[in-house]
Amino acid sequence: MKTRFMILLPALALAGVSASAIAQDSDAGTLAREVCASCHGPGGRSISSTFPRLAGQQAPYLEAQLKAFRGRTRGDPMAQAYMWGMASQMDDGTIEKLATYYAAQQPAHGRAADPKLAQRGKVIYESGIPGANVPACVTCHGKNAEGNSTFPRLAGQHAEYLVKQLSLFKSALRSGGNAPIMHNISEGMTFDQMTEVSAYLASK
Amino acid sequence: MHLSKTNITLAFTSVVVAATLGFSESSYAVPSFARQTGMACQACHTVFPELTPFGRSFKLNGYQIDNLPQVAGITSSKNYELLLNQLPPLSMMFQVSYTSTSKALPDSVVGGADAQNGQVLFPQQASLFYAGRIAQGLGAFIQMTYSSDSGSFGWDNTDIRYARQMPLADDALTLGVTLNNNPTVQDVWNSTPAWQTPFDQRTSAAPTPGAAAMIDGGLADRGVAGASVYAWWKNSIYAEFGLYRSSPQGVGGSAGAGPLDSSTPGGVLTSNAPYWRLAYERQWDRNALSFGTYGVVAKISPEGQPAGPPSDRFRDVALDGQYQYLGDEHIFSLQSTYIKEDMTLDASSVLSGTNPTNNLKTFRLAGTYFYQRTYGGSLGYFSTSGSSDAAFYPVEPVFGFANGSPDSKGWIAEVDYVPWENVKLLAQYTAYSKFNGASSNYDGSGRNASDNNTMYLLAWLAY
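Residues numbered from 1 in each chain as written. Chains lettered and ligands numbered in written order. Predicted model: local features only at pLDDT ≥ 70, side-chain atom pairs only at ≥ 80, totals over all residues.

Across its full length, chain A holds 11 helices and one strand. What you see in chain A, going N to C, is helices and strands ordered as α-β-α-α-α-α-α-α-α-α-α-α. A separation threshold of at least 6 residues defines the contact pool for chain A, and within that pool the share at least 24 residues apart is 71%. (Helix = DSSP H or I, 4+ residues; strand = E, 2+ residues; numbered from the N terminus. Contact = placed C-beta atoms within 7 Å.)

This part covers the overall build of chain B. From N to C terminus, chain B includes seven helices and 19 strands. A compact globule built from 463 residues would reach a C-alpha radius of gyration of about 23 Å, and chain B, at 22 Å, matches this within 12%. Counting every position in chain B, which comprises 463 residues, the buried fraction comes to 55%. (Rg over C-alpha atoms; globule rule 2.2 N^0.38 Å. Buried ≥ 20, exposed ≤ 12 C-beta atoms within 10 Å, placed from the backbone.)

Of note, the amide linkage connecting Phe 122 of chain B to Pro 123 of chain B takes the cis form, showing an omega dihedral of -5°. Along the polypeptide, Pro 123 of chain B turns up in strand S4 (residues 119–135). Backbone torsion omega between Pro 309 of chain B and Pro 310 of chain B reads 0°, so that peptide bond is classified as cis. Mapped onto the elements, Pro 310 of chain B comes out in the loop between strand S12 (287–301) and strand S13 (312–326). One non-glycine residue with positive phi stands out, namely Ser 149 of chain A, at about 55°.

On to the environment of Asp 76 of chain A, then. Residues and elements named next belong to chain A. Along the polypeptide, Asp 76 turns up in the loop between helix H4 (59–70) and helix H5 (77–87). Note on Asp 76: 20 C-beta atoms within 10 Å, which makes it buried. Look past the residues within four positions of Asp 76 in its chain and what remains in contact with it is Leu 168, Leu 173 and Arg 174.

This part takes up helix H9 (residues 159–170) of chain A. Residues and elements named next belong to chain A. Between its terminal C-alpha atoms H9 stretches 17 Å, which fits the 16 Å expected from 12 residues at 1.5 Å a residue. Elements that come into contact with the buried residues of H9 comprise helix H10 (179–186) and helix H11 (191–203). Downstream of H9 by one or two residues, Ala 172 has phi in the positive range, about 65°. (Expected span 1.5 Å × (residues − 1).)

What follows is about the packing of H9 of chain A against H10 of chain A. Residue and element names in this part refer to chain A. Two numbers describe how H9 lies on H10: the axes approach to 7 Å, and their chain directions differ by 95°. By the angle between their directions, the pair H9 and H10 is classed as roughly perpendicular. The residues of H10 that touch H9, namely those facing Leu 166, Phe 169 and Lys 170, are Ala 179, Met 182, His 183 and Ser 186. A breakdown of the residues in the contact of H9 with H10 according to their chemical character gives four nonpolar, two polar and one charged. (Axes fitted to C-alpha atoms, helices over the stretch in contact; angles between N-to-C directions. Parallel < 35°, antiparallel > 145°, perpendicular 65-115°, else oblique. Nonpolar A, V, L, I, M, F, W, Y, C, P; charged D, E, K, R; others polar.)

Between chain B and chain A, the contact holds 34 residues from the first and 31 residues from the second. Residue assignment for the side of chain B that touches chain A shows that the elements contributing at least two residues are helix H4 (41–44), helix H5 (53–60), strand S1 (70–74), strand S2 (80–85), strand S6 (152–168), strand S7 (171–180) and strand S11 (273–284) of chain B. For the side of chain B that touches chain A, the element with the most residues is S1 of chain B, which contributes five residues.

It is worth spelling out the pairing of S4 of chain B at this point. All names here are of chain B. Note: strand S3 (residues 90–101) against S4, nine bridges, orientation antiparallel. Opposite Thr 99, over in S4, you have Gln 119 as the bridge partner. Looking at chain direction, S4 and strand S5 (residues 138–147) are connected through 10 bridges and run antiparallel. Bridge assignment links Tyr 130 to a residue of S5, and that residue is Ile 142. In this antiparallel pair of consecutive strands, S4 and S5, the connection spans two residues, and Gly 137 shows a positive phi of 90°. (Pairing = 2+ DSSP bridges.)

Time to look at the nonpolar core. Ranked by internal contacts, the top residues of the largest apolar core, which has 68 residues, are Leu 62, Leu 66, Leu 98 and Tyr 102 of chain A. If near-sequence neighbours (up to four positions away) are discounted, Leu 62 of chain A is found in contact with Leu 54, Gln 57, Leu 98, Ala 99, Tyr 102 and Ala 103 of chain A. In terms of nonpolar packing, the next biggest core, distinct from the first, is built from 33 residues, Ala 211, Tyr 244, Leu 269 and Tyr 432 of chain B among them. (Core = buried A, V, L, I, M, F, W, Y, C linked by C-beta atoms within 7 Å.)

Time to look at the domain arrangement of chain A. Residues and elements named next belong to chain A. Domain boundaries assigned for chain A yield domain 1 (21–103) and domain 2 (115–203). The C-alpha-based centres of domain 1 and domain 2 are spaced at 22 Å. Ranked by the residues each element gives to the side of domain 1 that touches domain 2, the list is headed by H4, at five residues. Looking at the side of domain 1 that touches domain 2 residue by residue, the classes come out as six nonpolar, seven polar and three charged. (Domains from an automatic or database assignment.)

Residues and elements named next belong to chain A. Taken together, the buried positions of H10 are occupied by Ala 179, Ile 185 and Ser 186. Looking straight down H10, one finds its buried side chains confined to an arc of 120°; they lie on one side. In this structure, the buried residues of H10 make contact with H9. (Arc of directions from axis to C-beta.)

The subject of this paragraph is the pairing of S12 of chain B. Residues and elements named next belong to chain B. Alignment of strand S10 (residues 268–269) against S12, held across two bridges, turns out to be antiparallel. Counterpart to Leu 269 in the pairing with S12 is Ile 300. Here S11 runs beside S12; their pairing, made up of 10 bridges, is antiparallel. Bridging across to S12, Gln 283 finds its partner in Ala 288.

With that out of the way, let us pick up the packing of helix H7 (residues 115–127) of chain A against H11 of chain A. Residues and elements named next belong to chain A. Two numbers describe how H7 lies on H11: the axes approach to 7 Å, and their chain directions differ by 95°. Judged by the inter-axis angle, H7 sits roughly perpendicular to H11. Taken together, the residues of H11 that come into contact with H7 (itself represented by Leu 117, Ala 118, Arg 120, Gly 121, Lys 122, Ile 124 and Tyr 125) are Gln 193, Glu 196, Val 197, Ser 198, Ala 199, Tyr 200, Leu 201 and Ser 203. For the contact of H7 with H11, a count of residues per class yields eight nonpolar, four polar and three charged.

Structure follows, in structure tokens:
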């Protein structure tokens, strides 16, 4: 610990109003390890399904979401409770670095699902639900659910998290970004169908 | 709480003692942190004051996450010499309570008459907090509390800590040091005494069992200060070691703060009291399971006696465990602890004729459930038993002991309504099957254990 004298003098000399420490941190790896990892896990491979896995996620998607948190345009309950605060002082450079960092991380392994459930989910993912006006997810999210630009990677994501997001899209509680598209798609899905497609994606 | 014979009468006939026990064991969540982090209470708490895994990480890392605009000063090497919130992380707490016992307490002056039963405390406590980052790596939880029992302000739970994170074996290692005023107030699991759910929130206006181990609030009552170092690795393994010394406030009266001696109202720790804590936590999906050990060895001069030898020695060794399920709709937790205290009463046995050695064992187990963090309740069991010692645990109206026995046991049931994340309304009922050594006529004046059964209503606002 430095003495009070040493802390105060340079501080007075250099003091000025700045953004938060998070916004100022230039090392995305350190920021991810010391702050984000508390919820999103080491390298973005979270343990709790409360928090999405970020490892291997599409960088443009992460950027869009962080900006939506910062701008408070993504307003689902967990976004408000956690991410509005966390993103509030992030500058564009920090957002970009964090997105790049997580996109470069090795994705977590999928979690085995009930084969029958996953098979029904696979059909929905690849073919949609024609009678309910639900298009095939594969169209935007990719053959291996790896995502594409602002369409997120879904492979290996927590099933419980995916079900919750689909429910939030359906009820329009989740807004911002591509949410209007997902609202229209999820409107035709039942809870069971959401569970099936999520189980399939989580197992990938 | 252990008291020498010389002060037993004073201590045990005073409702203030019961009030003080309640005072020191209270615990709070703080909107200061929400202000600093920009995150809702639910990030760190299941329902306040119980911590989530994220809340544990936030505390152990020195209360650092900060999403407010800063006043900053940096050196030429880009180290922060100052990193200060533009607005201080302050908050308030206000508690209003109503307490009634199954049978009124006797009037303190008129024999045969009763005191009023059904006491309203407005406030029971009111606190001002500074809780958040002080500098890079340095943070604090500082609580100043007004208690209506004492009618004055005093320092309550305080934990000032410095922590650094570093990568180790592909994961994070946190090393830290904490300065605090009550062993276990720095702890992050709600299975240790300072924050044990739901036992940490009790009325200050009803008799509570008279025997408790030093680690179980006894040292907090005496005013101690401690420093400990800790390590936390992989959100899993925790180790801490520290030393406590006496630091009562107001010692010396008009003469000022002189050396601690027989004038100290709570007895003096005659030397450094070592404290240790080891814990292991495993998290999977929405679950967190932990178990550990903690303890202290405290040498204390009896009240009213010089701080020099001989002294009484209290060795507390405890086990604890916690399980949490943190769902979106349902939250469930289970906390338990077992504390064994061995006393070697070299001073009291000579001065007051107590046994040369005593032991005391405390067990507590409770489960808590919440639906949507709004409707919930707790059910808990508590038991304290130990060796009998008529000089250490004397007969006294209401607060005395039967046959010198410290045994107490009973149940606690609580119903909670949390209309907003920072407001908790609770009704708590405590039922004693044994109180201070007996079920019936435990105090030798005709009072039964069940007469102390307590209904406690609390409105708890944090803002």
